[in-house]
Amino acid sequence: VASSGLHQIDLTSWKYRGVLFSNDSLTSIAYCKETKTLAVGGALRLHLLSNNKWTYHWVGYYIDSAITGLAYDNNNTLWIGNILSISQLSQYGLFSRISGPQGLPYANITNINFDSKMSSVWFGTSMGGVRYGSVDIASNGGGVNYVWKYYYGSRWIWGNKIISIVSSTKSYNTVLITDSGLSVIEFTQWTLEKKADHFQSLMNTSRHLRMGLAGQCEMTKFANLATCVQTPDDNDGLWTSMYLGSQAFRYAVTKTEAARSSAWTSFLAMEMLNSVTGIPGLPARSFNYANGTLSGDWWTNSTAIPGMAWKSNTSSDEIVGHFFVYPLFADLVCESDEEKARPIKLMHNIASYITKNNFYLIDYNGKPTRWGVWNPSEINDIWSWGDQRGPNSLQIVTGIGT
């Protein structure tokens, strides 16, 4: 395919001949073995060669814009890409159009590839890759549960613009060639246990667990995990409660000592969030050594545990995390009455502290925290709290009830 036309090359003699000469600027080509139809896309027309006869369809009618990609699927349907949408041409000559309302995540199509192994269609775009198909490896795509998937950003690919796409016929791999490099998308079949083990192995590294708290890691060099730096976060309490919940469920299912030990490690961190403030019922957002990294605002030195500092101004979503996880930990991990008493005490302290302070979370300075507000008069009567009325009501009712 060239701007001047379509040429055929004999690979034994290396002779070539012109097949289609046109004033159209040709961009793409596809061939259907079943119908023995050759499709050639251009800026002005879709050219079709069948039974030694050329026919064409003008761009601007059934096809929105200049053709940028072509591919036949296993139903002999021709997929036609352009910068505005995707068109389909069935083997019976019927056109249909796909754009945003039909699920297309992004247009600006640069090329199209059919993955015969997974019975899916890949679309290169100026901003990432798009896939339409099933993720059911067991049935090799199987034509069931077809969904749109969008692959964009450094999590999936290097660069933005997709130049070419090639799918393997032997494995479940697709190669996306971009303006900055090459990326491989691989589909593998995992059990829930294997998936859980994978993510657990990531959490077991030093990147995300700091003094028992589950938190973020910031890389000083892009995509280089070795440069990860752990820093306290406003929501360390919430993230840790969610992680502790996962470990409680993990222990309930596996009954392994590793799961129980992991759960207890994070519970001790949750206990520290409560004890470091020196105020029963007021958990900190986060904590760290006083001479360590104290990122962001709201830090104060602990009067209860010398050498430690804690992050104040605890929010309602942090409290939700505490309310959520203590009953789980008591029911699923704790074995003796003595063990159960520890999370129950923390739950009781927080609920009692909020209740006795007229449904406010009072900070160390004697004032309510910015978001620790459940007072009915304020939640119901002040306009700016309107969007919090439902969530905060549910939070305090379930917290006290539990």
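Residues numbered from 1 in each chain as written. Predicted model: local features only at pLDDT ≥ 70, side-chain atom pairs only at ≥ 80, totals over all residues. Heavy atoms only, no water.

## Focus: empty space enclosed by the protein
Thought 1: Summed over the entire model, instances satisfying the criterion amount to 1 cavity of 30 Å³ or more.
Thought 2: What the largest cavity holds in volume is close to 40 Å³.
Thought 3: Lining the largest cavity, in full, are His208, Arg210, Leu213, Ala214, Gly215, Gln216, Thr231 and Asp236.
Thought 4: The residue inventory of the lining of the largest cavity, partitioned by class, reads 2 nonpolar, 4 polar and 2 charged. (1 Å grid on protein atoms, 1.4 Å probe; cavity = no way out; pocket = protein on both sides within 12 Å on 5 of 7 lines; lining within 4 Å. Points joined across faces, edges and corners; volume = space filled by probe spheres on them. Nonpolar A, V, L, I, M, F, W, Y, C, P; charged D, E, K, R; others polar.)

## Structural notes on the packing of helix H3 (residues 257-275) against helix H5 (residues 337-356)
Thought 1: Axis separation between H3 and H5 bottoms out at 11 Å; the angle between their running directions is 35°. In the packing of H3 onto H5, the handedness of the crossing is left-handed. Where H3 approaches H5, its residues Arg260, Trp264, Phe267, Leu268, Glu271 and Asn274 are matched on the opposing element by Glu339, Arg342, Pro343, Leu346 and Ile350. (Axes fitted to C-alpha atoms, helices over the stretch in contact; angles between N-to-C directions. Helix = DSSP H or I, 4+ residues; strand = E, 2+ residues; numbered from the N terminus. Left-handed = near helix turned anticlockwise from the far one by under 90°. Contact = heavy atoms within 4.5 Å.)

## Considering the pattern of salt bridges
Thought 1: In the structure shown here, the tally under the stated rule is 6 salt bridges.
Thought 2: With a shortest N-O distance of 2.6 Å, Arg97 and Asp64 are connected by a salt bridge. Residue Arg97 is located in strand E10 (residues 95-98), and its partner Asp64 is located in the loop between strand E6 (53-58) and strand E7 (69-72); the two are separated by 33 residues in the primary sequence.
Thought 3: Between Lys311 and Asp234 there is a salt bridge, with its nearest N and O atoms 3.3 Å apart. Separated by 77 residues along the polypeptide, Lys311 in strand E24 (residues 308-311) and Asp234 in the loop between strand E21 (228-230) and helix H2 (236-254) bring together distant segments of the chain.
Thought 4: Salt bridges linked by common partners bring Arg260, Glu335 and Glu339 together as one network. (Salt bridge = Lys/Arg side-chain N within 4 Å of Asp/Glu carboxyl O.)

## Re the environment of Ser295
Thought 1: You can see Ser295 is positioned in the loop between strand E22 (286-289) and strand E23 (299-301).
Thought 2: We classify Ser295 as partly exposed; its relative accessible area is 25%.
Thought 3: Taking the C-alpha atoms as reference points, Ser295 and Ile396, 101 residues apart in sequence, are found 30 Å from one another.
Thought 4: With sequence-adjacent residues up to four places away left out, Ser295 is seen in contact with Thr231, Pro232 and Lys311.
Thought 5: One polar contact links the side chain of Ser295 to the main-chain carbonyl oxygen of Pro232, over a distance of 2.9 Å. (Buried < 20%, exposed > 50% of the residue type's maximum accessible area, 1.4 Å probe, protein only. Polar contact = N/O pair within 3.5 Å; in protein donor to acceptor, adjacent residues only side chain to side chain.)

It is worth stressing that arrangement in space is one thing and function is another; only the former is reported here.
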